[in-house]
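Structure assessment
Listed below are the residues making up each chain.
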There are 2 protein chains.
Amino acid sequence: MDIDARKLAVLLAVHRAGGVLAAADVLHLTPSAVSQQIARLESAVGVTVLDRQPRGAVLTQAGRVLAETAERIESELTDARKALAALQGEVTGTVVISAFKTVIRMLLVPLVHGLREQFPGLELLIREMDGEKAQQELRSGAVDLIILEAETPSATGPRAAPAMCRCWRNRGWWSCPRRRRSRSVRRTWSTSPGSGSTRTRPPTAPPNRPGAV
Amino acid sequence: MDIDARKLAVLLAVHRAGGVLAAADVLHLTPSAVSQQIARLESAVGVTVLDRQPRGAVLTQAGRVLAETAERIESELTDARKALAALQGEVTGTVVISAFKTVIRMLLVPLVHGLREQFPGLELLIREMDGEKAQQELRSGAVDLIILEAETPSATGPRAAPAMCRCWRNRGWWSCPRRRRSRSVRRTWSTSPGSGSTRTRPPTAPPNRPGAV
DNA sequence: GCGATTTACGGCAGGCGTAAACATG
DNA sequence: CATGTTTACGCCTGCCGTAAATCGC
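Residues numbered from 1 in each chain as written. Chains lettered and ligands numbered in written order. Predicted model: local features only at pLDDT ≥ 70, side-chain atom pairs only at ≥ 80, totals over all residues. Heavy atoms only, no water.

**Describing the overall build of chain A**
- Scanning chain A from terminus to terminus reveals six helices and seven strands.
- Taking all 213 residues of chain A together, 38% fall into the buried category.
- Only carbon and sulfur atoms are counted for the fraction: they give 50% of the accessible area of chain A, which is about 12,900 Å². (Helix = DSSP H or I, 4+ residues; strand = E, 2+ residues; numbered from the N terminus. Buried < 20%, exposed > 50% of the residue type's maximum accessible area, 1.4 Å probe, protein only. Areas by Shrake-Rupley, 256 points an atom, 1.4 Å probe, with all protein chains shown as cover.)

**Examining the pairing of strand E2 (residues 56-59) of chain B**
Residues and elements named next belong to chain B.
- Only one face of E2 is buried, namely the one carrying Ala57 and Leu59, since none of Gly56 and Val58 on the opposite face is buried.
- Bridge count between strand E1 (residues 50-53) and E2: four bridges; the pairing is antiparallel. Within the sheet, the bridge partner assigned to Leu50 lies in E2 and is Leu59.
- Remark: two residues form the turn of the hairpin made by E1 and E2, two consecutive strands paired antiparallel. (Pairing = 2+ DSSP bridges.)

**Observations regarding the protein's contact with DNA strand D**
- Near DNA strand D lie 23 residues; those nearest to it are Thr30, Gln37 and Arg40 of chain A together with Arg52 and Ala57 of chain B.
- Taking all atoms of DNA strand D within 4 Å of the protein, the share assigned to sugar and phosphate is 73%.
- Contacts to DNA strand D include Arg6 of chain A, whose side-chain N or O atom sits 2.7 Å from a phosphate oxygen.
- A distance of 2.4 Å separates a phosphate oxygen of DNA strand D from a polar atom in the side chain of Gln37 of chain A. (Near = heavy atom within 4 Å. Polar contact = N/O pair within 3.5 Å; in protein donor to acceptor, adjacent residues only side chain to side chain.)

**Some details on the protein's contact with DNA strand C**
- As a structural note, the neighbourhood of DNA strand C is formed by 21 residues, with Leu21 and Arg52 of chain A together with Thr30, Gln37 and Arg40 of chain B the closest of them.
- Sugar plus phosphate: this is where 73% of the atoms of DNA strand C within 4 Å of the protein reside.
- A distance of 3.0 Å is found between a phosphate oxygen of DNA strand C and a side-chain nitrogen or oxygen belonging to Lys7 of chain B.
- Within the side chain of Gln37 of chain B, an N or O atom sits 2.4 Å from a phosphate oxygen of DNA strand C.

**A few points about the interface of chain B and chain A**
- Listed per partner, the contact involves 23 residues of chain B and 23 residues of chain A.
- A buried area of about 2,100 Å², summed over both sides, lies between chain B and chain A, and 75% of it is on carbon and sulfur atoms.
- At the boundary of chain B with chain A, the tally comes to two salt bridges.
- In this structure, Arg72 of chain A engages Glu76 of chain B in a salt bridge whose closest nitrogen and oxygen atoms are separated by 2.7 Å.
- Between the two partners, chain B and chain A, sit two residue pairs in polar contact (both at pLDDT 80 or more).
- Those elements that provide at least two residues to the side of chain B that touches chain A are helix H1 (5-17) and helix H4 (61-87) of chain B. (Contact = heavy atoms within 4.5 Å. Buried area = accessible area lost by both parts, 1.4 Å probe. Salt bridge = Lys/Arg side-chain N within 4 Å of Asp/Glu carboxyl O.)

**Let's talk about the packing of H1 of chain B against helix H3 (residues 31-45) of chain B**
Residue and element names in this part refer to chain B.
- Two elements in contact, H1 and H3, have axes whose closest approach is 9 Å; the angle formed by their N-to-C orientations is 120 degrees. Classified by the interaxial angle, the pair formed by H1 and H3 is oblique. The chirality of how H1 crosses H3 is left-handed. Residues Lys7, Leu8, Val10, Leu11 and Val14 of H1 lie in contact with H3, whose contacting residues are Val34, Gln37, Ile38, Arg40 and Leu41. (Axes fitted to C-alpha atoms, helices over the stretch in contact; angles between N-to-C directions. Parallel < 35°, antiparallel > 145°, perpendicular 65-115°, else oblique. Left-handed = near helix turned anticlockwise from the far one by under 90°.)

**A word on helix H1 (residues 5-17) of chain A**
Residues and elements named next belong to chain A.
- The terminal C-alpha atoms of H1 lie 18 Å apart, and with 13 residues this matches the ideal 18 Å at 1.5 Å per residue to within 8%.
- Regarding H1, the residues found buried are Ala5, Lys7, Leu8, Val10, Leu11, Leu12, Ala13 and Val14.
- Residue Gly18 follows H1 closely and has a positive phi angle near 90 degrees. (Expected span 1.5 Å × (residues − 1).)

**Some points on the relation of the copies chain B and chain A**
- Structural alignment of chain B on chain A gives an RMSD of 0.3 Å, achieved by rotating through 180 degrees and translating 0.0 Å along the axis. Considering both components of the superposition, the chain copies are consistent with a two-fold axis.
- Most of the interface of chain B is mirrored in chain A, where 100% of its interface residues again form contacts. (Least-squares fit on C-alpha atoms with pLDDT ≥ 70 in both.)

**Looking at unusual backbone geometry**
- Of note in the backbone geometry, His28 of chain A takes a positive phi value of approximately 60 degrees without being a glycine.
- Checked against the element boundaries, His28 of chain A lands in the loop between helix H2 (20-27) and helix H3 (31-45).

**Some thoughts on the confidence of the model for chain A**
All names here are of chain A.
- Per-residue pLDDT for chain A averages 72, and the proportion of residues at 70 or more is 66%.
- Per-element mean pLDDT across chain A ranges from 48 in strand E6 (residues 164-169) up to 95 in H1.
- Across residues 153-167 the pLDDT falls below 50, and counting only partners more than four positions away or on other chains, this stretch makes 32 contacts in the model. (pLDDT = per-residue confidence, 0-100.)

**A look at the environment of Arg55 of chain A**
- Tracing the backbone shows Arg55 of chain A in the loop between strand E1 (50-53) and strand E2 (56-59).
- C-alpha separation for the pair Arg55 of chain A and Gly19 of chain A, spaced 36 residues apart in sequence, amounts to 8.4 Å.

Below, the structure written as structure tokens:
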């Protein structure tokens, strides 16, 4: 009888992923669970929400209405988290990071999930650009932190993996020595605890958190 | 770790009612359940949300932020229900009813809850005014349905209860004979099934539904 | 047969109520 | 003592995963 926001989120995932199977993968659930949630949502509102097709399920018109509602609710919740974080003087603001493909895929992407959980008020913008342009944007202030390949003698071949990276932040340089293949990705940069909420960037630096993904 | 919309609704109820005890009454729950929901919400967001005072609990600043979010989510959900109802061609629109105190309290107020559940797209506006003004507003179109006291010989004393009501709708008159004291409030007006969604009023009339409250 | 979704069923976390305890004027 | 909130504990609904079934190409 009453619409549950949780089920709406599941429906939204189905909409975005384009099917129950894909949505289950995104939500870290089984297709069975997703299907059950959708079924309960349909019985709750009394309307068919999914158009089952052999190539996956697409939303009906009513389903799209509910998905849009879910989208707005999701945005409300994330906004609330940000406001809460700003309220209690946590790290807040926007950090623009420039890097190249390898670092983005192997280092930054797995990092943002944990960071978003830990610092809801922190907004990370990652942009890919080459080293020359990155340093230029860094000086102009459009970028807060750049990660670029260190020039090593071995970096001559076409697919030369970067042996080390050099990061710039707050007028200083950090070198991140390459580490052994490990399951848990750990950062080694120094910690700068939150120094009050601010709307300008960069507010703080990503602190050390051993358990982070 | 993630904010649950259900818990936010509980928090909003506490905010509106002014305390856990009053909120439990509104939500048809026990104070224990409300307290537990609030406690879980606090542990989820990691912030104190209620300021426990001897005369009841009031929301902290963070709590108010969350309550505002809950208010917006609630509005989103009701909007979605209305859109859904309009989509499937159910009764939709606004009906302005004019009546007097006794009818409003004894008849309309217990009715609106059931109607809102059954017809989310129906918006009921109830206004109190005397018979003369009501008929005038009815003719002007500002009011769709009026309920006024029938002039009976016994209606001479200062607190003469109305023996019967006369209702106007769609250029016709219905007389609702007084019925015996009964637990279940039942309406006797004729049914006009939904005739497509419309944004003008009055779209349809309240249909007959024996089981309705 | 393969891909996608659904159904049946069992386990388990979470929500709620009862009852008692705690806090405060 | 009265009012308001919280805690302990048991029950039960509801969610989820496993496994099997259904449907369509």
